[in-house]
Each structure stands twice: as structure tokens, then as C-alpha cells.
Amino acid sequence: MMDKIRREGMMLLAVLLIALVGFRIVFYNESMLVIARVVASIAWLFILPGFAILYYWHEKLEFAERLIAAVPLSTVLVAIPSYYLGLLGLHIMYHGILLPLIVIAIGAVLAYRKEK
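What about the pattern of salt bridges?
Alright, step 1. Under the definition given, this model contains three salt bridges.
Alright, step 2. Note that R6 is salt-bridged to D3, the shortest N-O span being 3.3 Å. In this pair, R6 and D3 both sit in helix α1 (residues 2–26), three residues apart, roughly one turn of the helix. Per residue, the accessibility class of R6 equals that of D3, and both read exposed.
Alright, step 3. As a salt-bridge pair, E8 and R66 come within 2.4 Å of each other at their nearest N and O atoms. Placement of E8 in helix α1 and of R66 in helix α4 (residues 63–88) is noted, with a sequence separation of 58 residues between them. Exposure class is identical for E8 and R66. Each is buried.

See below:
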């Protein structure tokens, strides 16, 4: 399991580097630090939470399928709870940190329990 996680982590890093190059080409006037922060933010909010949850089905779904499905799943798993947490009074400043971290932790627990 750890070898597969390491291999897919490297593939995910390659995807993020490709996105970084693409963003650098499109936003050529911006500094590299700003572009790296934007790509990292997009990955943190819209890719990693869904990818972590979808790792539960790593035997049935290929890397590319999970990567593509991670974007709408992450959007749903972060945006909807963010809305309701805002209604409950949690300041929006914490949503971008807490919600993806919670979803990634849930995905890790699910994958760990499935392996046991």
C-alpha cells in the first residue's frame, strides 16, 4: 500500500508541476511565488480532499479516473459543509484549512480500515 501511495503521490506532484507550468504560461506577468500559491490552493481545496476519499476505491479506479472525479467530489465535500458551518457561526477564515484537512483525514481512515 505504501508503495502505491508513494507512486501516486509522485504522479500527483507531476500533475501539480504541469499545472504550475501552465499557470506560469498563462499568467506570465505574475511572480512565481504567487502562481505557486494559487496552484497549491487549488490543489488543497479542489483536488486533495476528493482524491483522498476516492483512494478507498484505488483497486477499481485508475489514477486518472480518481483525479478527474476528485474535483467535483472535493467541491461538494468542502463547499456544502462550508456553507452550513458559516450559518452556524464558524468564521470563514477557518473553512479553507479545517474542511480539507478533515476530509483528507476521513479518506486516510477509510483507506486504512479497508486495508486491515
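A look at the packing of α1 against helix α2 (residues 32–46)
Alright, step 1. At a minimum axis distance of 10 Å, the contact between α1 and α2 shows a crossing angle of 135°. When the axes of α1 and α2 are compared, the pair comes out oblique. In the crossing of α1 with α2, the sense of the turn from one axis to the other is right-handed. Counting all contacts with α1, which are made through L16, A19, L20, F23 and R24, the residues of α2 involved are M32, I35, A36, V38, V39, I42 and A43.
Alright, step 2. Split by residue class, the contact of α1 with α2 holds 11 nonpolar, no polar and one charged.

Focus on the layout of surface pockets
Alright, step 1. By volume, the largest pocket is sized at about 300 Å³.
Alright, step 2. Lining of the largest pocket is provided by 14 residues; of these, I5, E8, F51, A52 and Y55 occupy positions nearest its centre.
Alright, step 3. Among the elements of the structure, α1, α3 (48–54) and α5 (95–115) are those that each provide at least two residues to the lining of the largest pocket.
Alright, step 4. Of all the elements, α5 adds the most residues to the lining of the largest pocket, at five residues.
Alright, step 5. Taken together, the residues that form the lining of the largest pocket break down as 11 nonpolar, two polar and one charged.

Parameters at a glance
- Residues numbered from 1 in each chain as written.
- Predicted model: local features only at pLDDT ≥ 70, side-chain atom pairs only at ≥ 80, totals over all residues.
- Heavy atoms only, no water.
- Salt bridge = Lys/Arg side-chain N within 4 Å of Asp/Glu carboxyl O.
- Helix = DSSP H or I, 4+ residues; strand = E, 2+ residues; numbered from the N terminus.
- Buried < 20%, exposed > 50% of the residue type's maximum accessible area, 1.4 Å probe, protein only.
- Axes fitted to C-alpha atoms, helices over the stretch in contact; angles between N-to-C directions.
- Parallel < 35°, antiparallel > 145°, perpendicular 65-115°, else oblique.
- Left-handed = near helix turned anticlockwise from the far one by under 90°.
- Contact = heavy atoms within 4.5 Å.
- Nonpolar A, V, L, I, M, F, W, Y, C, P; charged D, E, K, R; others polar.
- 1 Å grid on protein atoms, 1.4 Å probe; cavity = no way out; pocket = protein on both sides within 12 Å on 5 of 7 lines; lining within 4 Å.
- Points joined across faces, edges and corners; volume = space filled by probe spheres on them.

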